[in-house]
Amino acid sequence: MTNTRHHADLTQLRAVSHPTRIRIMNMMEPGKACTVGDIAERIGESAGTISYHLRQLAKAGLVEQVPSPDGDARKSYWQASTPKLIVNADGDTDQASVEALAQSASTAATEARLRYYRAESSLPEPWRHSLDSMSIIRLTDAEFSQMQQELLAVADKWINTVGDRHTEGDGSEQVMVALSAFRYLV
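As the structure is a computational prediction, the values presented were derived from the model and not from experiment. (Residues numbered from 1 in each chain as written. Predicted model: local features only at pLDDT ≥ 70, side-chain atom pairs only at ≥ 80, totals over all residues. Heavy atoms only, no water.)

> Got a sec to walk through the pattern of salt bridges? Specific residues and values, please.
One pass over the full model with this rule turns up four salt bridges. As a salt-bridge pair, R113 and D132 come within 2.9 Å of each other at their nearest N and O atoms. One end of the pair, R113, is in helix α5 (residues 95-119); the other, D132, is in the loop between α5 and α6 (141-162), and 19 residues separate them in sequence. Taking relative accessible area as the criterion, R113 reaches 34% and is therefore assigned partly exposed. Judged by its relative accessible area of 41%, D132 falls in the partly exposed class. (Salt bridge = Lys/Arg side-chain N within 4 Å of Asp/Glu carboxyl O. Helix = DSSP H or I, 4+ residues; strand = E, 2+ residues; numbered from the N terminus. Buried < 20%, exposed > 50% of the residue type's maximum accessible area, 1.4 Å probe, protein only.)

Next up, the structure:
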């Protein structure tokens, strides 16, 4: 299998630190062009707003404008220029970028959850079930580290192994997997 992942650099990390840009990146794939209008309609934003965010993503090398397949220059087509993006903060990432990405990712996940709940009753039966769980537990630092490793191993199996087998049109649907584990501060 070809490498379908790309680790974000600091410029790309900053570029995706906006909920709308996260949504745009989640719907775009390399080699599959879509118009600004298509994106705006799916996301529920104006074409001008989408164009602005696409230009910001393009500056970071995450998307690219491509020629119209039908030659109609009035339509602006874009596609992802990188495979699935992995963003993670490491020692080289500045704190402001980490915080901006964390806020945007949290907002994007909350908005996605709300869109799901609003549409849940209209979805086919198998898709009317979600998993939402939140617990505050007491752990030692070693137990916390072990729990993180185990949760990431389970998520990695589904995200990087099973999920990579599917493409649009094969009967699969996008599923958001959001894991959070952090020291709870009152």
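> So what's going on with the nonpolar core? Which residues, and what values?
Grouped together as the largest cluster of nonpolar side chains are 21 residues, with contacts concentrated most on I24, M28, I39, I50, L54 and L57. The set of elements that each furnish at least two residues to this core consists of α1 (10-15), α2 (19-27), α3 (36-43), α4 (47-59) and β4 (77-80). For this core, the element with the most residues is α3, which contributes four residues. Among residues more than four places away in sequence, those in contact with M28 are C34, I39, L54, V63, W78, Q79 and A80. (Core = buried A, V, L, I, M, F, W, Y, C linked by side-chain atoms within 4.5 Å. Contact = heavy atoms within 4.5 Å.)

> Outline the sheet that holds β4, listing residues and values.
One open sheet accounts for three strands, arranged β2-β4-β3; its pairing is antiparallel. Here the strands that pair on one side only, and so sit at the sheet edges, are β2 (34-35) and β3 (63-66). Alignment of β3 against β4, held across four bridges, turns out to be antiparallel. By the bridge assignment, V63 is partnered in β4 with A80. (Pairing = 2+ DSSP bridges.)

> Outline α4, supporting the account with residue identities and numerical values.
With 13 residues, α4 should reach 18 Å at 1.5 Å per residue; the first-to-last C-alpha distance of 18 Å fits that figure. Within α4, burial applies to I50, H53, L54, Q56 and L57. Taken end-on, α4 shows its buried residues confined to a sector of 160°, consistent with a single buried face. For α4, the elements touching its buried residues are α1, α2, α3, β3 and β4. Phi turns positive one or two residues past the end of α4, at G61, with a value near 80°. (Expected span 1.5 Å × (residues − 1). Arc of directions from axis to C-beta.)

> Residues and numbers for the environment of S145, please.
Mapping S145 onto the fold places it in helix α6. Separated by 36 residues in sequence, S145 and A181 have C-alpha atoms that sit 9.9 Å apart.

> Now, about the packing of aromatic side chains: what can you tell me, with residues and values included?
Applying the stated criterion across every chain, the model contains one aromatic pair. Aromatic pair Y116 and Y117: ring centres 5.4 Å apart, planes at 65°, arrangement edge-to-face. The class of Y116 is buried, set by a relative accessible area of 19%. Exposure remark for Y117: the relative accessible area of 36% places this residue in the partly exposed category. (Phe/Tyr/Trp six-rings, centres within 6.5 Å; stacked < 30°, edge-to-face > 60°.)

> Can you break down a nonpolar patch on the surface residue by residue, with the values?
Judged by side-chain polarity, W127, L151, L152, I159, V175, V177 and L179 come together as a nonpolar surface patch covering roughly 640 Å² of accessible area. Within the element layout of this structure, V175 appears in the segment after α6. (Patch = residues over 30% accessible without salt bridge, like charges linked within 9 Å, V, L, I, M, F, W, Y side chains within 5 Å. Areas by Shrake-Rupley, 256 points an atom, 1.4 Å probe, with all protein chains shown as cover.)

> Tell me about the packing of α2 against α3, and name the residues and values.
Where α2 meets α3, the closest approach of the two axes is 11 Å, and the angle between their N-to-C directions is 115°. For the element pair α2 / α3, the angle class is roughly perpendicular. Of the two possible hands of crossing, α2 and α3 adopt the one that is right-handed. Every residue of α3 that contacts α2 at T20, R23, I24 and M27 is listed here: I39, R42 and I43. When grouped by side-chain class, the residues that make up the contact of α2 with α3 number four nonpolar, one polar and two charged. (Axes fitted to C-alpha atoms, helices over the stretch in contact; angles between N-to-C directions. Parallel < 35°, antiparallel > 145°, perpendicular 65-115°, else oblique. Left-handed = near helix turned anticlockwise from the far one by under 90°. Nonpolar A, V, L, I, M, F, W, Y, C, P; charged D, E, K, R; others polar.)

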